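So the chains spell out like this:
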Amino acid sequence: MNRGIVFRTLPCVSLVLATIFFAWTTVPTTINAQVSVQAGEASMIGNGTSPLTAFVPQDVEINAGESVTWTNPTPVAEPHTVTFFTDDKLLAPPLAPFTVPNSTEFTLVTQGANAEPSIVPSSGSDNTSKTVVIDNARSSSPVVLDSTGKNVTFLKPNATYTMQGDEQYVNSGWMWPEGGVPPGAPFLATFTVKFEEPGTYPYLCIVHPWMTGSVTVN
Ligand SMILES: [Cu+2]
């Protein structure tokens, strides 16, 4: 071969090889499929629109290593959760009573809003405390209780969580449709779970416990 041709083609060949190598090293070796599930949607009832409280599709099947993302496309301000749990006792109520010192004062953040905390007298005889009923973060926020149930981890809003398979409780928090978030609540729009372990994972919505679904991991 003519030396001139070799010297002219060598840079081109090197460039092609470098491009292939760069592309090979930057492309993930596993491409995970992503399955989408809608938590709630709208259905026409008579002349109006009523939120449909169901997961669509209700049951999904994936392979280990793949993810499922839940969203809330409901056109009215209706929240939904995606909640995995091992015992009915773990279904976190939306509101929970807490005891605070009697001297505690509550100041409304949004002046003029038609709102007040629910305060009830404490059952104790000392009169130094009162009971206030407030939002339960283990219901409204993304949170995980591990296999012992003792370690509580709050996730970032719209988190992707990798399911170990032995958790006692995995909750998306209240996912609101866009534009329907109440004042003071974080905007949770999605919840993504990556499943590594084969098995069937049933779940429900703790706001509407008849909303059930399952993920089967092969
Ligand atoms: Cu729901």
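Just so it is clear, the structure is predicted and the values come from calculations on it, not from any experiment.

Colleague: Can you help me understand unusual backbone geometry in this one?
Modeller: For residues that are not glycine, phi is negative in most cases, and the peptide bond is trans in most cases. Pro57 follows Val56 through a cis peptide bond whose omega is -5°. Here Pro57 shows up in the loop between strand 2 (48-56) and strand 3 (59-62). For Asn158, which is not glycine, the phi dihedral falls at a positive 60°. Within the fold, Asn158 resides in the loop between strand 10 (152-154) and strand 11 (160-163).

Colleague: What exactly am I supposed to notice about the pattern of salt bridges here?
Modeller: Taken as a whole and judged by the stated rule, the model has one salt bridge. As a salt-bridge pair, Lys194 and Glu196 come within 3.8 Å of each other at their nearest N and O atoms. A relative accessible area of 37% means that Glu196 is categorised as partly exposed.

Colleague: What is the right way to look at the nonpolar core in this model?
Modeller: Nonpolar side chains in soluble globular proteins tend to end up buried together. Core analysis: the biggest nonpolar cluster contains 26 residues, and Phe55, Trp70, Phe84, Phe191, Phe195 and Val215 have the highest contact counts within it. Secondary structure elements with two or more residues in this core: strand 1 (34-45), strand 3, strand 4 (67-71), strand 11, strand 13 (190-195), strand 14 (199-204) and strand 15 (212-217). Counting six residues, the second-largest nonpolar core is a separate cluster that includes Val143, Leu145, Tyr169 and Ile206.

Colleague: I tried to follow the sheet that holds strand 8 (residues 129-135) on my own but got confused; where do I start?
Modeller: Taken together, the three strands give an open sheet; going across it, the order is 6-8-7, and neighbouring strands pair in antiparallel fashion. Of all strands in the sheet, those with a lone pairing partner are strand 6 (95-101) and strand 7 (118-121), marking the two edges. Averaged over all neighbouring strand pairs, the angle between strand axes comes to 30°, with direction disregarded. Where strand 6 and strand 8 come together, seven bridges link them in antiparallel fashion. The residue of strand 8 that forms the bridge with Leu95 is Asp135.

Colleague: Sorry, what's going on with the coordination of the copper ion here?
Modeller: In ideal tetrahedral geometry, four donors around a metal make angles of 109.5 degrees, whereas ideal octahedral geometry with six donors gives angles of 90 or 180 degrees. Here the copper ion is held by His80 (ND1), Cys205 (SG), His208 (ND1) and Met211 (SD), and the distances to it run 2.0 to 2.5 Å. Here the copper ion binds four donor atoms, and the angle range of 87 to 135° at the metal identifies the geometry as irregular. Counting gaps between the donor residues of the copper ion yields the pattern H-x124-C-x2-H-x2-M. Take Cys205 and Met211: they sit in the same class, and that class is buried.

Colleague: Any chance you could explain the packing of aromatic side chains here in plain terms?
Modeller: Each aromatic ring pair is characterised by the separation of its centres together with the angle its planes make. The tally for this structure, following the rule as stated, stands at seven aromatic pairs. Where Trp70 meets Phe84, the ring centres are 6.1 Å apart and the plane angle is 75°; that geometry is what we call edge-to-face. Taken as a pair, Trp70 in strand 4 and Phe84 in strand 5 (residues 83-85) lie far apart in primary sequence, 14 residues in all. The exposure class assigned to Phe84 is buried, which follows from its relative accessible area of 6%. Note on Phe84 and Phe195: the rings are 6.1 Å apart at their centroids and 65° apart in plane angle, and the pair reads as edge-to-face. Of this pair, Phe84 sits in strand 5 while Phe195 is found in strand 13, placing the two residues 111 residues apart along the sequence. Three or more aromatic residues link up through ring pairs in this structure, and these residues are Phe55, Trp70, Phe84, Phe195, Tyr201 and Tyr203.

Scoring rules and cut-offs
- Residues numbered from 1 in each chain as written.
- Predicted model: local features only at pLDDT ≥ 70, side-chain atom pairs only at ≥ 80, totals over all residues.
- Heavy atoms only, no water.
- Helix = DSSP H or I, 4+ residues; strand = E, 2+ residues; numbered from the N terminus.
- Salt bridge = Lys/Arg side-chain N within 4 Å of Asp/Glu carboxyl O.
- Buried < 20%, exposed > 50% of the residue type's maximum accessible area, 1.4 Å probe, protein only.
- Core = buried A, V, L, I, M, F, W, Y, C linked by side-chain atoms within 4.5 Å.
- Pairing = 2+ DSSP bridges.
- Axes fitted to C-alpha atoms, helices over the stretch in contact; angles between N-to-C directions.
- Donors = N, O, S within 2.8 Å, 3.2 Å for Na, K, Ca; no water.
- Tetrahedral: all angles 85-135°; square planar, octahedral: opposite > 155°, others 65-115°.
- Phe/Tyr/Trp six-rings, centres within 6.5 Å; stacked < 30°, edge-to-face > 60°.

Remember, this is a structural readout, not a statement about activity or role.
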